Amino acid sequence: MADPVRPLTTAAAAAWSGPKAAPATLQPVPETTQAASAADEPTPHPHGPHEPGHNHPHTHPDHEEHSPAAVQLARWATELTTMKVPTVIRRAVCRQLLDGLGCVIAAARGQEATPALAVAAALGGPPEAVVPGLAEPVGAPAAALALGALVHALDCDDTHPGALVHATAAVLPALFASAAAADADGPALLTAATAGYETALRIGLGAPYRFHARGVHATQVAAVFASAVISSVLEGRSAEVTAHALGIAGSSAGGLLEFLDTGSDTKALHPGLAAHAGLLAARLAAAGAEGPATVLEGRHGVFAALAGHTVTADEITGDLGEMWHVSAVESKLHPCCHLLHRTLDAAAVLHSRLVPYGGAAALASVVAEVPVGTEPVVCVPRRYRVAPRTAYEAKFALPFSTALMLCDGELSLASYRPQALLRPDATALAARVTHTVRPYDGPDAEAPGVLRALLHDGTALNVRIEGGPVRPPDTARVVAAFHANAGGETALTRELAERVLRLDRESGIEAVLRLASAVLAGPSAP
């Protein structure tokens, strides 16, 4: 059935002015990678981005330039093909999806996100999607809820430091939940995932850290739009219907950060709630519901309402198809809030320097330097950052996490098990870890990691880890982390990793999800 073509509910275009914003973490693709060789290029998806019979009108460039951001995103996403995605970006997308799938399996192995899995099973629906950890397939919206909760449950999933958005948590749930129902092959999956990453990250970069400053989780804001785009692209919806889906999705954008003061783990639910809402928005739009085209930059749009910030359409959509943001996504080395990572890197160095002095017990005090935006997330209220009430809260506690690193020299998922909260060495040292605020001209997650330590004997030890963007994650490192999250390297995990890294050559998502369930059901590697 062809999509109904309806006029977009947009107000008269405003006269936007001013230079186009260029986020600091924008990653240009070298000219030599813009086109792959014929041997490297996957076969394009046989179906176009629109349903048969839909005549997509060509838009004059001047009209395109002044279209609302949601309209431009929808047109770009529905016209995207694998041939338009540079090889280096295709590889980055597949690599990060593998990283996210490892997080899903690790959470399912640890019986995390059980409430979301229980609700997804109860919601049921037609058997459209397989979810690791569920005995039976469920409907795509229910699967999106469960997958979103799983991928983010342990907070070890990747992050874009400039946008402060959990990128793969914004993409994987809707992608894996919708793929089978849409009968999507590998090229279609790759295209939809790329569109989802770009949508999520451009929204996060439209107001860097401003959502968080107002107590809103940028990941849920970005993910609801990415999910709507992914579902629409996989279903082959028109640009008009996809723009309506984005307009509808905006009413579900949100995600409160109040968990920071309570020890609860509601943040872990945000990607699932967003993916569920995004899929419903796409289905509502396909059924004829309308959404505001100015949902992003409008007077009552997402940025004005949730970030207290005015944006232009060009700030969101400028350089679409020329600049790609997924290459700046960072896989986590530590399973905790990304704003802690540079401090923890410094703590790992300090741990090694303490060996001649008898280890962490020699420390009289430790002062961490943090940027302004980091303090309210991981430093205060201090009593809960020194003595977190829950294992989840410990992942957002700079004093406690720093103490763990100083004691052990490394952090793993096991470091944040509930019994870790009772460790006398870590709890005593956490009380001696304080912080000071130092402004940083850049994304807070890229600020230097600085520790100033004073030993009981009067010795001063200072460590500084330089700030700035990091290199893209090494594929071998991501694969190793995937095997670890999956319970150890086996023939099954190797096959699963190979399939995800070459997702654009798969005939569909079924084999990937079947292998993921088999890995979960099998014994861990010795």
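See the structure above.
What comes next concerns the included structure. (Residues numbered from 1 in each chain as written. Predicted model: local features only at pLDDT ≥ 70, side-chain atom pairs only at ≥ 80, totals over all residues. Heavy atoms only, no water.)

1. Re the side chain of Lys395
Okay, step 1: The residue Lys395 is located in the loop between helix 17 (391-394) and helix 18 (398-408) in this model.
Okay, step 2: Here Lys395 sits buried without a salt bridge, and the closest side chain of opposite charge, Asp155, lies 6.7 Å off (N-O distance).
Okay, step 3: Discounting residues that sit within four places of it in the chain, Lys395 has contacts with Leu154, Asp155, Pro335, Cys336, Cys337, Leu340, Ser401 and Tyr416. (Helix = DSSP H or I, 4+ residues; strand = E, 2+ residues; numbered from the N terminus. Buried < 20%, exposed > 50% of the residue type's maximum accessible area, 1.4 Å probe, protein only. Lys, Arg positive; Asp, Glu negative; His and termini not counted. Salt bridge = Lys/Arg side-chain N within 4 Å of Asp/Glu carboxyl O. Contact = heavy atoms within 4.5 Å.)

2. Structural notes on the side chain of Asp155
Okay, step 1: Among the secondary structure elements, Asp155 is positioned in the loop between helix 5 (140-152) and helix 6 (167-179).
Okay, step 2: Here the side chain of Asp155 touches Lys332 through a polar contact of 2.7 Å, side chain to side chain.
Okay, step 3: In terms of polar contacts, Asp155 uses its side chain to reach the side chain of Tyr392, at 3.5 Å.
Okay, step 4: In this structure Asp155 touches His166, Lys267, Lys332, Pro335, Cys336, Cys337, Tyr392, Lys395 and Phe396, once residues within four positions along its chain are discounted. (Polar contact = N/O pair within 3.5 Å; in protein donor to acceptor, adjacent residues only side chain to side chain.)

3. Re the layout of surface pockets
Okay, step 1: Estimates place the volume of the largest pocket at around 560 Å³.
Okay, step 2: Taken together, 23 residues form the lining of the largest pocket, with Gly110, Glu112, Ala153, Leu154 and Lys395 sitting closest to its centre.
Okay, step 3: Mapped onto the lining of the largest pocket, the elements with two or more residues apiece are helix 3 (87-109), helix 4 (114-123) and helix 17.
Okay, step 4: The leading source of residues in the lining of the largest pocket is helix 4, at three residues.
Okay, step 5: Counted by class, the lining of the largest pocket contains 15 nonpolar, three polar and five charged residues. (1 Å grid on protein atoms, 1.4 Å probe; cavity = no way out; pocket = protein on both sides within 12 Å on 5 of 7 lines; lining within 4 Å. Points joined across faces, edges and corners; volume = space filled by probe spheres on them. Nonpolar A, V, L, I, M, F, W, Y, C, P; charged D, E, K, R; others polar.)

4. Comments concerning the nonpolar core
Okay, step 1: In terms of nonpolar packing, the biggest core is built from 124 residues, with Leu97, Leu101, Phe211, Phe225 and Leu496 touching the most fellow members.
Okay, step 2: Element by element, the count of residues in this core is highest for helix 3, at 13 residues.
Okay, step 3: Every residue in contact with Leu496, bar those within four places of it in the chain, is listed here: Leu101, Ile105, Phe482, Val512, Leu515, Ala516 and Val519.
Okay, step 4: If you look at the next biggest cluster of nonpolar residues, it comprises 48 residues, including Cys336, Phe396, Leu398 and Leu455. (Core = buried A, V, L, I, M, F, W, Y, C linked by side-chain atoms within 4.5 Å.)

5. Observations concerning the packing of aromatic side chains
Okay, step 1: If you walk through the whole model with that rule in mind, you get five aromatic pairs.
Okay, step 2: Each ring, one from Phe259 and one from Phe396, has its centre 5.2 Å from the other, and the planes form 75 degrees; the classification is edge-to-face. Of this pair, Phe259 sits in the loop between helix 10 (239-249) and helix 11 (270-286) while Phe396 is found in the loop between helix 17 and helix 18, placing the two residues 137 residues apart along the sequence. Each member of the pair, Phe259 as well as Phe396, carries the same accessibility label: buried. (Phe/Tyr/Trp six-rings, centres within 6.5 Å; stacked < 30°, edge-to-face > 60°.)

6. Some details on empty space enclosed by the protein
Okay, step 1: In the structure shown here, the tally under the stated rule is four cavities of 30 Å³ or more.
Okay, step 2: Reported here for the largest cavity is a volume of approximately 150 Å³.
Okay, step 3: Leu164, His212, Lys267, Cys337 and Phe396 are the residues nearest the centre of the largest cavity, which is lined by 15 residues in total.
Okay, step 4: A class-by-class count of the residues in the lining of the largest cavity yields nine nonpolar, five polar and one charged.

7. With respect to the packing of helix 3 against helix 20 (residues 475-485)
Okay, step 1: Packing of helix 3 against helix 20 leaves a shortest axis separation of 8 Å and a crossing angle of 15 degrees. In terms of orientation, helix 3 lies roughly parallel with respect to helix 20. Between helix 3 and helix 20 the crossing geometry is left-handed. Together, Arg95, Leu98, Asp99, Leu101, Gly102, Cys103, Ile105, Ala106 and Arg109 of helix 3 and Thr475, Val478, Val479, Phe482, Ala484 and Asn485 of helix 20 make up the contact between the two elements.
Okay, step 2: Looking at side-chain class alone, the contact of helix 3 with helix 20 contains nine nonpolar, three polar and three charged residues. (Axes fitted to C-alpha atoms, helices over the stretch in contact; angles between N-to-C directions. Parallel < 35°, antiparallel > 145°, perpendicular 65-115°, else oblique. Left-handed = near helix turned anticlockwise from the far one by under 90°.)

8. Some details on the pairing of strand 3 (residues 449-455)
Okay, step 1: With five of its seven residues buried, strand 3 lies for the most part within the structure.
Okay, step 2: Pairing analysis gives six bridges linking strand 1 (residues 363-370) to strand 3, with the strands arranged antiparallel. Bridge pairing in strand 3 places Val366 opposite Ala453.
Okay, step 3: Relative to strand 4 (residues 460-465), strand 3 is paired through six bridges, and the arrangement is antiparallel. In the strand pairing of strand 4, Gly449 is matched with Ile465. (Pairing = 2+ DSSP bridges.)

9. Quick word on the packing of helix 3 against helix 6
Okay, step 1: In contact at an axis separation of 10 Å, helix 3 and helix 6 are set at 80 degrees when each is read in the N-to-C sense. It follows from the interaxial angle that helix 3 and helix 6 lie roughly perpendicular. Contacts between helix 3 and helix 6 involve Gln96, Leu97, Gly100, Leu101 and Val104 from the former and Thr168, Val171, Leu172, Leu175 and Phe176 from the latter.
Okay, step 2: Counted by class, the contact of helix 3 with helix 6 contains seven nonpolar, three polar and no charged residues.

Honestly, that's just the spatial picture; any functional story needs more than this.
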